[in-house]
Amino acid sequence: AQSVTQLDSQVPVFEEAPVELRCNYSSSVSVYLFWYVQYPNQGLQLLLKYLSGSTLVESINGFEAEFNKSQTSFHLRKPSVHISDTAEYFCAAGYLQGAQKLVFGQGTRLTINP
Amino acid sequence: EAGVAQSPRYKIIEKRQSVAFWCNPISGHATLYWYQQILGQGPKLLIQFQNNGVVDDSQLPKDRFSAERLKGVDSTLKIQPAKLEDSAVYLCASSLGLSQETQYFGPGTRLLVL
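Residues numbered from 1 in each chain as written. Chains lettered and ligands numbered in written order. Predicted model: local features only at pLDDT ≥ 70, side-chain atom pairs only at ≥ 80, totals over all residues. Heavy atoms only, no water.

Engineer: Give me the overall build of chain A: which residues, what numbers.
Structural biologist: If you tally the helices and strands in chain A, you get 0 helices and 12 strands. Reading the helices (α) and strands (β) of chain A from amino to carboxyl end gives β-β-β-β-β-β-β-β-β-β-β-β. In summary, chain A has a C-alpha radius of gyration of 14 Å against a globular reference of 13 Å for 114 residues, a match within 12%. Taken along its principal axes, the extent of the C-alpha atoms in chain A is 45 × 30 × 25 Å. Out of the 114 residues belonging to chain A, those deemed buried represent 49%. Put simply, of all contacts in chain A between residues at least 6 apart along the chain, 57% involve residues at least 24 apart. Accessible area of chain A: about 5,500 Å², with a carbon and sulfur share of 49%. Looking at charge distribution, chain A has the averaged site of its 7 positive side-chain charges lying 11 Å from that of its 9 negative ones. (Helix = DSSP H or I, 4+ residues; strand = E, 2+ residues; numbered from the N terminus. Rg over C-alpha atoms; globule rule 2.2 N^0.38 Å. Buried < 20%, exposed > 50% of the residue type's maximum accessible area, 1.4 Å probe, protein only. Contact = heavy atoms within 4.5 Å. Areas by Shrake-Rupley, 256 points an atom, 1.4 Å probe, with all protein chains shown as cover. Lys, Arg positive; Asp, Glu negative; His and termini not counted. Charge placed at Lys NZ, Arg CZ, Asp CG, Glu CD.)

Below, the structure written as C-alpha cells:
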C-alpha cells in the first residue's frame, strides 16, 4: 500500500532560522506530491505541489520543496522562518490508480519561537 | 470564489447516537472527498465522489458510515451508530477533476463522541 512518512512530528525553531520538514513517500511509477499547511482552527491549504518538470517547486511565501526520485523524498525548506509560519504541515502523495488517491503523512507541527 | 463550506463546525454526541455532516463544494468542482482526521494523524480518505458516483469507498466503515451526493453538488456524511473512536475532524474537499488536481479543503467538522 502507498504510504507517506513525515519523519518529525514536531519541529521547534527560532524566528529567522532555517527549517527543513522531511517527507518520504513509497515509490510508484506515477506520483504527485503536495505540501499542505493547516493553521489553528482552519482547514488545509495548499502550500506547493510537484506534478512534473522542474524538481524544485516554490510557494509564494518563501517555502520550497525538492522532488528527489532516487531518495523518494519531498522535503520542505525555508531559509528564514517567521512567527506566522507556526502551523501544522502535511505532506501528501497522489497516486494514479484508476483515479487519483491522495495519501497524507501524519503531519509535522512547526513551532516558531521568538 | 467561495470555498468549500461545511456544517456544523462542532458536534458533541453520545455513543450509539447518529450524526450527519454536510458539505458544499466549490462551484463547478466535479470531485468531492470526505476525509477523517484523528488527532495527531494526517487525513485519511473515507470516500471519493465523481459527480454523483462513488469512485473510491474502500476505507469507509460501511457498517456505520454512509455518504451520498445525490445531485452531484453537495454531500452528506452520516454515522449511525457512533462509537468513541469516531471522535475526529471530518474534512470535506473538492477538486475540478480526478487527475493531478489540487484538492481544496473546507474548515472541517470537529466531532466528539462521549
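Engineer: How would you explain the interface of chain B and chain A if you had to name every residue and give the values?
Structural biologist: Every contact between the two is made by 24 residues of chain B and, on the other side, 20 residues of chain A. Roughly 1,700 Å² of surface becomes buried between chain B and chain A when both sides are summed, with 50% attributable to carbon and sulfur atoms. Our count for the contact surface shared by chain B and chain A stands at 0 salt bridges. Taken together, the elements giving at least two residues each to the side of chain B that touches chain A come down to β4 (31-37), β5 (44-50) and β6 (53-56) of chain B. Each residue belonging to the side of chain B that touches chain A can be placed in one class, and the counts come to 9 nonpolar, 12 polar and 3 charged. (Buried area = accessible area lost by both parts, 1.4 Å probe. Salt bridge = Lys/Arg side-chain N within 4 Å of Asp/Glu carboxyl O. Nonpolar A, V, L, I, M, F, W, Y, C, P; charged D, E, K, R; others polar.)

Engineer: An account of the packing of aromatic side chains is needed here, citing residue identities and associated values.
Structural biologist: All names here are of chain A. Summed over all chains, the structure comprises 13 aromatic pairs over all chains. Ring geometry for F90 versus F104: centroids 6.5 Å apart, planes at 80 degrees, classification edge-to-face. Of this pair, F90 sits in strand β10 (residues 87-97) while F104 sits in strand β11 (residues 99-104), and the two are 14 residues apart along the sequence. The pair F90 / F104 is uniform in exposure class, with both members buried. (Phe/Tyr/Trp six-rings, centres within 6.5 Å; stacked < 30°, edge-to-face > 60°.)

Engineer: An account of the sheet that holds strand β1 (residues 5-7) of chain B is needed here, citing residue identities and associated values.
Structural biologist: Residues and elements named next belong to chain B. Taken in spatial order, the 4 strands of this open sheet run β1-β3-β8-β7, and their pairing is antiparallel. Each edge of the open sheet carries a strand with a single partner, namely β1 and β7 (65-68). Averaged over all pairs of adjacent strands, the angle between strand axes in this sheet comes to 15 degrees, irrespective of strand direction. Pairing analysis gives 3 bridges linking β1 to strand β3 (residues 19-24), with the strands arranged antiparallel. If you follow A5 over to β3, its bridge partner there is N24. (Pairing = 2+ DSSP bridges. Axes fitted to C-alpha atoms, helices over the stretch in contact; angles between N-to-C directions.)

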